[in-house]
Amino acid sequence: MPTLFPNTTPENPLGLDDPTLFIQASIINGEHITRAATFVVDDPATGNSIGTCPDMGVDDVRTAIDTAHSAFQSFRATPPLQRQAYLTKLHSLILNNADDLARLIVWENGKAWPDAVTEVAYAASYVQWFAGEAVRQNGEVIAATANRSFVIKQPIGVCALLVPWNFPIGMIARKVAPALATGCTAVVKVPSETPYTNLAFVELVHRAGVPGGVVNVVTTHKHLVDVGKELTTNTKIAKVSFTGSTRVGKILAGQASTTLKKLSLELGGNAPLIVFEDADIPTAVMGTLASKFRGSGQTCVCANRIYVHESVYEAFATALAEKVKLFRAGPGFADGVTHGPLIHKAAADKVVQHIDDAVARGARVMAGGRKISATLLEPTLLVDVAPDCLLTTEETFGPLAALIRFSTEDEVLRLANASEVGLAGYFFSNDADRIWRVAEVLQVGMVGANTGVISSALVPFGGVKESGYGKEGGREGTDEYLVKKLVVMGSRV
Ligand SMILES: NC(=O)c1ccc[n+]([C@@H]2O[C@H](COP(=O)([O-])OP(=O)(O)OC[C@H]3O[C@@H](n4cnc5c(N)ncnc54)[C@H](O)[C@@H]3O)[C@@H](O)[C@H]2O)c1
Ligand SMILES: O=CCCC(=O)O
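Throughout this document, residue positions are counted from 1 along each chain, in the order its sequence is written. The naming scheme follows written order: chains are lettered A onward, ligands numbered 1 onward. With the structure being a predicted model, the display of local features is reserved for residues of pLDDT at least 70 and the display and counting of side-chain atom pairs for 80 or more, all residues being used for whole-chain, interface and lining totals. For the side-chain quantities, the full set of heavy atoms in the structure was used; hydrogens and water were omitted.

1. Structural notes on the site of ligand 1
Nearness of a residue to a molecule or strand requires only that one of the residue's heavy atoms be within 4 Å of it. Around ligand 1 sit 23 residues in total, of which Trp165, Lys189, Ser245, Val248 and Glu395 are the nearest. A 3.5 Å cut-off defines polar contacts: any pair of N or O atoms within that distance qualifies, except that in protein one atom must be a possible hydrogen donor and the other a possible acceptor, and neighbouring residues in sequence count only when both atoms are side-chain atoms. With respect to ligand 1, the side chain of asparagine 166 contributes an N or O atom lying 3.3 Å from an oxygen atom. Within the backbone of glycine 244, an N or O atom sits 3.5 Å from a nitrogen atom of ligand 1. All accessible-area figures derive from a Shrake-Rupley calculation using a 1.4 Å probe, and residue coverage is judged against the displayed protein chains alone. The fraction of the free accessible surface of ligand 1 (810 Å²) that becomes covered by protein chains is 85%.

Dropping the structure here:
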């Protein structure tokens, strides 16, 4: 048995230190709600069931929305220092339960243990950041007219938060924390692939003292489309925040337009990564590994198209291959495993399709390339990849690094910007003029110049083009949950 595998028993099937964090229910008004109809949650490493969750429908989601709406009437007036105290407590609860949260992530998402531990710390950092922001939501006084004008910031209301499966605690943390910081309430629709980490997070929200009804969780599978529609059309919802695919983002935006809700959409990416001829190769290699292979490549900011200048192509490919060959794919709990399985078979099949398509157009496998099981793939490096193969137009969302040769800066910037989406872009260069020039020309919301790591709670995360709009994290992170109101104060005539 691998050494990190939790100590499971029939009473504690996921082997948690605190088995009460394994919640097979929705959470409405602070209560665990079950239903006769359920769906099964699988372990991506084995395909075995790890539990069930209630399959909630439209009536249930309406109840959750009504509950959040009623809770908003008092929560909106919670003093900022109290909201900060909730978030500070939540931050320490996340850290105190970090091992169990990481276990839940590995069980349902599949990612390797070190990746899961890193995600828990990443989620905690958003809670910590927004604890600070809770007391900094000040308005403005404008004294330039005969009348005095004030801009005050107020919580927008009930938020529908739709979170993805690829960061089972990171994404709920960076949506719920700013909602709490600003005095909003929420209904969270969790993905059917990874409900349990989300549910444990909300359990900790309640243990931190946040009143029941402020954060509610709906689990659903069969009724996903109807539940999504209700969350984006119900008149008691003021704001919708979604992280997921561009395809679904467009559906939700269309639905939300009927009542003109405020929207944040963090959608698909197809990040270009460019290694210029003047790059420091070891830095470029480490940056590429960090950007490309995080979460087995299932990250919206993962490099997807890797363009390497012809003069450094062989050196870069050789150095990258050496590192990729050191990776070990396997079940997330196995000791020494660096990369876990993909979320489901269809995700793995898509990566194989991208490899096969590139190879059919002349690419060569330089590292990895083997499908180990239905969901598990070796981290793979392809060289001599044609600039017009499938992976250049479709996000792979898997552990495949594909190196495409280029000759000139103009050519590579044209290729990099030839995409409908624009979330992140990366490049490596030691030329200061080029760093500014390329950073300004790339049509993306976030640029990594000489780094493959751009995400942090302290900076604004978000894209342009069909990668969506709105920012999460940074000073801008609370703006999404606030409305600015103008108050003009006249004087006696
Ligand atoms: N931006 C991200 O972080 C992110 C996360 C996950 C997936 N993705 C993208 O999605 C692609 C495929 O992943 P997938 O198969 O999970 O994508 P998908 O398009 O099937 O679903 C994405 C998410 O939207 C939800 N969803 C789907 N239909 C919905 C509806 N009608 N109403 C409300 N919610 C709905 C799903 O539960 C899931 O959480 C990936 O290749 C990647 O491009 C992006
Ligand atoms: O995949 C979505 C989020 C990725 C990140 O926060 O870096």
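2. Things to note about helix α13 (residues 409–417)
All of the buried residues in α13 are Glu409, Val412, Leu413, Leu415, Ala416 and Asn417. The criterion used for residue contact is that any of the two residues' heavy atoms lie within 4.5 Å. Elements are defined by DSSP. Helices are runs of H or I of four residues or more, strands are runs of E of two residues or more, and each kind is numbered from the N terminus. Each element contacted by the buried residues of α13 is listed here: β12 (271–275), β13 (303–309), β16 (400–406), α14 (432–441) and β20 (464–465). Think of it in three bands: with a 1.4 Å probe and only protein chains considered, a residue is buried below 20% of the maximum accessible area for its type, exposed above 50%, and partly exposed in between.

3. So, the UniProt feature "active site" (unreviewed entry) in the chain
The positions that UniProt labels "active site" (unreviewed entry) are, in the present scheme, Glu266. Among the secondary structure elements, glutamate 266 is positioned in strand β11 (residues 262–266). Dropping the residues within four chain positions of it, glutamate 266 is found in contact with Met171, Arg174, Phe242, Thr243, Gly244, Cys300, Leu423, Phe461, Ser467 and Glu472. UniProt positions are given in the numbering used here, feature names are shortened, and annotations may be inferred rather than shown by experiment.

4. Let's talk about the domain arrangement of the chain
The domain architecture assigned to the chain consists of domain 1 (19–267 + 468–484) and domain 2 (271–460). The domain limits used here are those given by an automatic or database domain assignment. Each of domain 1 and domain 2 was reduced to a C-alpha centroid, and the two centroids are 30 Å apart. At the interface, 30 residues of domain 1 touch 28 residues of domain 2. The buried area of a pairing is the accessible area, by a 1.4 Å probe, that goes missing from both parts when the two are put together, added over both. Across the interface of domain 1 and domain 2, roughly 2200 Å² is buried in total on both sides, 63% from carbon and sulfur atoms.

5. Remarks on the UniProt feature "domain: Aldehyde dehydrogenase" (unreviewed entry) in the chain
UniProt feature "domain: Aldehyde dehydrogenase" (unreviewed entry): in the numbering of this structure it lies at residues 38–486. Between the end C-alpha atoms of residues 38–486 the distance is 47 Å, and the span holds 40% helix and 22% strand.

6. Thoughts on unusual backbone geometry
Of note, the phi angle at serine 296 is positive, near 55 degrees, even though the residue is not glycine. Along the chain, serine 296 turns up in the loop between α9 (281–293) and β13. Its identity as a non-glycine residue notwithstanding, asparagine 450 has a phi of 65 degrees, on the positive side. Along the polypeptide, asparagine 450 turns up in the loop between β19 (446–449) and β20. Classification of asparagine 450 by relative accessible area gives partly exposed; the value is 27%.

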